[in-house]
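Descriptive analysis of the structure
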Amino acid sequence: MKATGIVRRIDDLGRIVVPKEIRKTLKIREGDPLEIFTNNEGEIILKKYSPLGNIEEYAKEYTEAINKVTGFTVLVTDKDRIICASGLGKKDFRDISLKKEFEILLEGRKSITFSNDEKTYLNILSDEIFKEAKCGVISPIISEGDIFGSLIMLSNQNKISDSDLKIIQIAVKFFEKQLS
């Protein structure tokens, strides 16, 4: 564990302030849920909570099934990182942080289909990856009115078919149901 050199006192209500530098580094904002647990060394650990992270095994199996049927690379994200990936280059996608613009894109609450001509969407996802994709779909995962993340399908072909769009819609509904 990395020492930061920052010391905070617990107030009379048992609260502690997480320093701004740490919140910025971990992309923790006001209202974000944190998971609190202890380890065997008696340390208290705060971790940014992701409801989609709790269904990571389901997500992995589901994305692998979609990949086998479509041949596309399939990703599940929360609002700021990739949780799991299946398909071409899946190891390259593990725990990649996504840009702030990606969360803004999800706030539109609509699926976006894009082609090679619209590299804007790929650049919003991350600078390092998605170079091979020629087209894709980004579909937000929304449960009980809250945006939790997205399902992304990337293709190295030139077009996403209507049946591929239906597959992603079914997958998004599955994840939304898991979160409710």
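See the structure shown above.
Conventions used here
- Residues numbered from 1 in each chain as written.
- Predicted model: local features only at pLDDT ≥ 70, side-chain atom pairs only at ≥ 80, totals over all residues.
- Heavy atoms only, no water.
- Helix = DSSP H or I, 4+ residues; strand = E, 2+ residues; numbered from the N terminus.
- Phe/Tyr/Trp six-rings, centres within 6.5 Å; stacked < 30°, edge-to-face > 60°.
- Buried < 20%, exposed > 50% of the residue type's maximum accessible area, 1.4 Å probe, protein only.
- Patch = residues over 30% accessible without salt bridge, like charges linked within 9 Å, V, L, I, M, F, W, Y side chains within 5 Å.
- Areas by Shrake-Rupley, 256 points an atom, 1.4 Å probe, with all protein chains shown as cover.
- Salt bridge = Lys/Arg side-chain N within 4 Å of Asp/Glu carboxyl O.
- Axes fitted to C-alpha atoms, helices over the stretch in contact; angles between N-to-C directions.
- Parallel < 35°, antiparallel > 145°, perpendicular 65-115°, else oblique.
- Contact = heavy atoms within 4.5 Å.
- Pairing = 2+ DSSP bridges.
- Expected span 1.5 Å × (residues − 1).
- Arc of directions from axis to C-beta.

1. Topic: the environment of Phe102
When you line up the elements, Phe102 lands in helix H4 (residues 100–106). Between the alpha carbons of Phe102 and Arg81 there is a distance of 9.7 Å; along the sequence they are 21 residues apart.

2. Looking at unusual backbone geometry
When glycine is set aside, most residues are seen to have a negative phi, and most peptide bonds are trans. The phi torsion at Arg109 lies on the positive side, around 60°, for a residue other than glycine. Position of Arg109 among the secondary structure elements: in the loop between H4 and strand S5 (112–115). At Glu144, a residue that is not glycine, the phi angle is positive and equals roughly 50°. Inspection of the secondary structure assignment puts Glu144 in the loop between strand S6 (135–143) and strand S7 (146–155).

3. Brief notes about the packing of aromatic side chains
Describing an aromatic ring pair means giving the distance of the ring centres and the angle of the ring planes. Evaluation of the coordinates by the stated rule reveals three aromatic pairs. Ring centres 5.4 Å apart and planes at 75° place the aromatic pair Phe174 and Phe175 in the edge-to-face group. The class of Phe174 is partly exposed, set by a relative accessible area of 24%. Look at Phe175 and you get buried, because its relative accessible area is 0%.

4. What to know about a nonpolar patch on the surface
On the surface, Leu34, Ile36, Ile44 and Leu46 cluster together into a nonpolar patch covering about 390 Å² of accessible area. Examined against the element boundaries, Ile36 turns out to sit in strand S1 (residues 34–38). Under the relative-accessibility criterion, Ile36 is labelled exposed at 61%.

5. Observations regarding the packing of helix H2 (residues 56–70) against helix H6 (residues 162–179)
Contact geometry of H2 with H6 gives a least axis separation of 12 Å together with a crossing angle of 170°. As the angle between them shows, H2 and H6 are arranged roughly antiparallel. Between H2 and H6, the contacting residues are Tyr58, Ala59, Tyr62, Ile66, Val69 and Thr70 on the first element and Asp164, Ile167, Ile170, Ala171, Phe174, Phe175 and Gln178 on the second.

6. Examining the pairing of S5
Side chains of S5 alternate between two faces, with Ile112 and Phe114 buried and Thr113 and Ser115 left unburied. Relative to S6, S5 runs antiparallel, the two sharing four bridges. In the strand pairing of S6, Phe114 is matched with Gly136.

7. Describing the environment of Val69
Summarising the element assignment, Val69 is placed in helix H2. Sequence separation between Val69 and Ile167 is 98 residues; the distance between their C-alpha atoms is 9.5 Å.

8. Points about H6
In an α-helix there are 3.6 residues to a turn, and that puts residues three or four apart on one side. With 18 residues, H6 ought to run about 26 Å at 1.5 Å a step, and its terminal C-alpha atoms sit 26 Å apart, in line with that. The set of residues buried in H6 consists of Asp164, Ile168, Ala171, Val172, Phe175, Glu176 and Leu179. An end-on view of H6 places all buried positions within 140° of arc, on one side of the element. Across from the buried face of H6, at angles greater than 90 degrees, the exposed residues are Asp162, Lys166, Ile170, Lys173 and Lys177. On its buried side, H6 packs onto H2, strand S3 (73–77), S6 and S7.

9. Some remarks on the environment of Lys177
Examined against the element boundaries, Lys177 turns out to sit in helix H6. Judged by its relative accessible area of 63%, Lys177 falls in the exposed class. Residues Lys177 and Ser143, spaced 34 residues apart in sequence, show a C-alpha to C-alpha distance of 7.4 Å.

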